[in-house]
Every structure is written in structure tokens, then in C-alpha cells.
Amino acid sequence: MKTKFNINRPAGFNYKEERFLAPLINELEKLIKKTQTKYLYNTIKLTADKRGDLAALIIEFAEDLHNSIGLWESLEYYNKQMFNTPLPLFVESENEITGLFDVNRIKYFVHTLFMDLKEDLLLTPTHQDLNLLAQTVSLFLIAKFKNVPKVTCLKEFLSLPNNFGWEVKQKLFWLGTSSYLFRTSFHRFIIEKNKGKMEIPAMDDFLCQETTSWSGLGVIDILAKTLTLAEKEANDLRNWYERYISYYRVISTTEITLTLENIINNTKYVVHSDKNFVEIFKIGHVFLGALVPYGDLWYWSGAQYNLGDPEPTGLENIKKKFMKDSPRLIYRYDKKRLEKTKAMLRTQHQEFLNYFESDLITFNDGLSMAAALQMKEGERFEALPKNELAAYMKKHELEYPYPKMDLPEELLESINGVGVYFNVDEGIEMMRYFNDLLSGLKKEGKDLTEDENEVVRNFITSKAISPNFVRKIVEQYGAKSINSSFLINPEMKILDYLLHRYKGEFFRNRYPATTLIE
């Protein structure tokens, strides 16, 4: 039976490190408890179970550094690439890191972890209690790891072959669900996104697609740098967030390969497995599933759903609905459709500029915003030749000579300003409480109201607002109030880090949410 320590270790190994590390977890938990009595505030005080969690995470973090496993090294590598510092918020250069268990390294690690350990926590990087904890932990690790042998099953596990996609997926599963870097985020994701149910689709979403508090990086990013992979395989792995989700017809099978045809773009893929495909995937059957590349072959990712051998009419209806409802998924592999949509967006962006004379406009309320956009669309369609307009209305079953605007009720009812930005890469973005945002930014980090602080933070943390939108506003008003809303020194140049941390998905390949109208 697995002990509490090795429950997060890969299966099938001799956990020699348990003898050295498990006692340190218990010892560190007691030290954290003692240190908490010296805190000036309750901000980062933890209950007994949370202290145990934090102690285990810190010891595993130290194990990584002590044994050069590579997980933390990968994170600092990406940070240097993106922000020119391995520890954003805490050091300006790697020259400031003075040792393996440097106090700034501990502060960065713990500061990020508290995002998941304490929900809705807002913690300044200069918090006195955080500094005290980091100093205490740093001295503890320096003293204790002098006597810890460099043995760990994790290095052995991550050194196993990576010849096939499923071998990499085994490591990805452990890293995302059990490692000290990601397991807290993983469990929180499963609770929030899937009501705590450990189901394959939700787990695969986290492993392949989720970006995290670690500078907006995902599990796939850290694993790709940690493993010893050829450049193509590393790039393949880092792009597994672009799973090719579609309906696939089985064309042929062997014991370990499938030939599938994507019914959306009519492209064929050879899929590899270590299992017998013949019994599961019948020729002619259609499956809904996701494919990812690795090397010269493709692999299933997540669950597959068998539709049997549908009639042509039924399959065509499925195809039409999928194309209408899931444009961003389709653009991943239908590049011709993507280019047409991008061209359509460029045209619409220019029309927006011609009409409003800017790609960013503001309105007093939601109703005036909706009226202005509806008037613009009406004029655009009424300018078409009558025969073209009539044909368009008939094809798209329109009652009026322009598409109906489907806007959320809370947006229409907004009375505190609405900002509308046309992002040429994705389409129109809208933001409520725009008056509070602008008034907060104009204060340059001084004396913001509670409402202004909240709106400014939401501007950064919202997944519905792109970095392009943020930068458009920051060009005019600066970022000092953004920093202060996160309790960061207003003079620090930290916007890029905040955008990556909270909007990580925007720094991967992104596609328009717009369905191509033909």
C-alpha cells in the first residue's frame, strides 16, 4: 500500500527517497506552524492540513533542485525567455540568485502556490510574513539537504524512453496530476470545471490545454523542456493544446494502427497505439475524438465516442452543426477556412475603423452601444445591391436585412460605461464597467476605490479580454494602477508577466470565435 508520501510517485518504482524526504516533510510542517506564531497578519496562515500540503510541496520542490530533475529548471528557463528574468516579481536577473535554495526562489515558489492554497487571496510580493516564511524555509533546506543523498525515482521515471506518444503521455499524466508543480492546480481545476469528477475528458483538458499560474505555462510546456526530446517531438508536445477534435471515419486498421478520415477537412491520419485497434474501431464507423501528433504518427488524446455507421444525411447534419458551433476547433486543421475567416475579419475591422474612426470606442451604457453597432450593420447590409441582399437574407433565413445581434442581458443593462474593441485577430471584445476602469487607470496607482481596484484586476484576469485590448488601453493610461491593484510596486515593469500568468492561452495559437459566413 502506498504511504502518504509516495502516493504522488509514479507507479512501479522503488521509492528509496521516502526514507530521507518523508521525515523532512513532518519536520518542516512543525517549523511552519512555529513560524506562523510570529506572523504579523493572518494573510498566509494555514490550517494543519494545508500546512502539511505546503510542507510536502516544498520538500518535493527541493528534491527537484537537489537532484537536478529539471522541472523547476524548465520553469526558470521559460521565464528568462519571456521576461528576461528567471523569477519575475522577485529578481531582475539570474545573477541575484545566490544558491540552490535562494530565498527569492522560495518566495516566488510559495507566492505562486498560495494562489491555489487560499482561494481569492491577494498577496503582495513584499509581504513581511512571506519574507519571514521564505527566509525560514531557505535556511531549513540548506541545512537539511546537505545530508540527503541524490536519489529519486522521479529522475529514473523521466529518463525512460520517449519513442512513442503513449510513453510521453504517461509522463504527462504524472506531471499534471501528481507533481509538486501542478497537482494543486489540477485538483482545483477538476473541482471547478468538472464538479470534482475524475473523468478522462476533463483530465485531458487540464493536461493538454490548461494554462497555469506558473507564468501561463501548461503541463505540456514544462514536460517538453524537461524531457530529452528532438526538436520536432518537443514542438509536437508543446502543441498538444491544439488537439484535432473532430469526427473521424475509420478507413482501415492493423493491430497497432488506424487510418482515419476527418470528415470536416477530408484529411487522412495514421494513428498509432500499443493496443489492438481491430476489436475496438470497426471500418466505416465514425468516432468523435481528438488527435495529437508525435513524430511521424498521430495518437488519440482523451476519450473517443462511437457514432456507429451513420446514414449520409445524418452525418451531413452532424458536420454542419459542428462547423457552426465549433469554429475555433475546426480552424486548427482546416487552414483554408481559417484564411478565409481571417480575410473576412480584416475586412470587417477596416469597416469598423471607417465607421467609428477607431478600433476602440466607448459608450455610456449597453443600450446605446447595441444601437450604434446595429445601425452600423444595418447601413452595411442596406448598401448591398438588392438582389445580393435578398439572396443573403434567404440563405441565412433573416427577417431583417442584417444579422440579429445576440448580446448578453447584463451587457445591455450596463449603465457604467461599455468599451468595445475590435481585435483584428479574433473579432469584437466588449467590457462592462468601463468608466471605473478608466477612472482607476487615470489615478496612476494612487487612491483607487475598491470598485476601481476590482475592475482593473478583472481587466487583467478576465479570459474574455485579450492582451491586445489591455495594451491598447495601457498605451494611453499606463500600467501603474494595474500593478497597485495586485499590490505590486507601481514602478515595476511587470505587465508582460501579469498578462502571461492570467491570459496564458492568448500566447498560444489562437483562432477567431467567428463562424465563416459564405
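All values derive from a computational prediction rather than experimental measurement.

### Let's talk about the sheet that holds strand β8 (residues 427–432)
Working step 1: With respect to topology, three strands assemble into an open sheet ordered β6-β7-β8, the strand pairing being antiparallel. Where the open sheet ends on each side, the last strands, each with one partner, are β6 (360–363) and β8. Neighbour-to-neighbour, the strand axes of the sheet open up by a mean angle of 20 degrees, direction not taken into account.
Working step 2: Here helix α20 (residues 467–477) sits on the sheet and contacts β6, β7 (418–423) and β8; the angle it forms with β7, its principal contact strand, is near 115 degrees.

### Overview of the side chain of T124
Working step 1: For T124, the position within the fold is in the loop between α4 (103–117) and α5 (128–144).
Working step 2: Residue class for T124 comes out buried when judged on its relative accessible area of 15%.
Working step 3: Polar contacts involving the side chain of T124 include one to the side chain of T126, which spans 3.1 Å.
Working step 4: Here the side chain of T124 touches L487 through a polar contact of 2.8 Å, landing on its backbone oxygen.
Working step 5: Apart from residues lying up to four places away in sequence, T124 is in contact with H111, L130 and L487.

### Things to note about helix α7 (residues 165–178)
Working step 1: Between its first and last C-alpha atoms α7 spans 20 Å; for 14 residues at 1.5 Å apiece the expected length is 20 Å, and the two agree.
Working step 2: Within α7, 11 of the 14 residues are buried, which leaves the element mostly enclosed by the surrounding structure.
Working step 3: Those residues of α7 that fall on the buried side of the exposure criterion are G165, E167, V168, K169, K171, L172, W174, L175, G176, T177 and S178.

### Details of the pattern of salt bridges
Working step 1: Tallied over the full model, the rule gives 24 salt bridges.
Working step 2: Note that K144 is salt-bridged to E27, the shortest N-O span being 2.7 Å. Here E27 lies in helix α1 (residues 18–36) and K144 lies in helix α5, a separation of 117 residues in the sequence.
Working step 3: Residue classification places K144 among the partly exposed residues on the basis of a relative accessible area of 29%.
Working step 4: Here D221 makes a salt bridge to R238, at a shortest N to O gap of 2.8 Å. Linking D221 in helix α10 (residues 219–226) with R238 in helix α11 (residues 231–238), this pair joins segments that are 17 residues apart in sequence.
Working step 5: Here R238 falls in the partly exposed class, since its relative accessible area comes to 32%.
Working step 6: Connected through shared salt-bridge partners, K169, D204, D205 and R243 make up one network.

Quick notes on the rules
Residues numbered from 1 in each chain as written. Predicted model: local features only at pLDDT ≥ 70, side-chain atom pairs only at ≥ 80, totals over all residues. Heavy atoms only, no water. Pairing = 2+ DSSP bridges. Helix = DSSP H or I, 4+ residues; strand = E, 2+ residues; numbered from the N terminus. Axes fitted to C-alpha atoms, helices over the stretch in contact; angles between N-to-C directions. Contact = heavy atoms within 4.5 Å. Buried < 20%, exposed > 50% of the residue type's maximum accessible area, 1.4 Å probe, protein only. Polar contact = N/O pair within 3.5 Å; in protein donor to acceptor, adjacent residues only side chain to side chain. Expected span 1.5 Å × (residues − 1). Salt bridge = Lys/Arg side-chain N within 4 Å of Asp/Glu carboxyl O.

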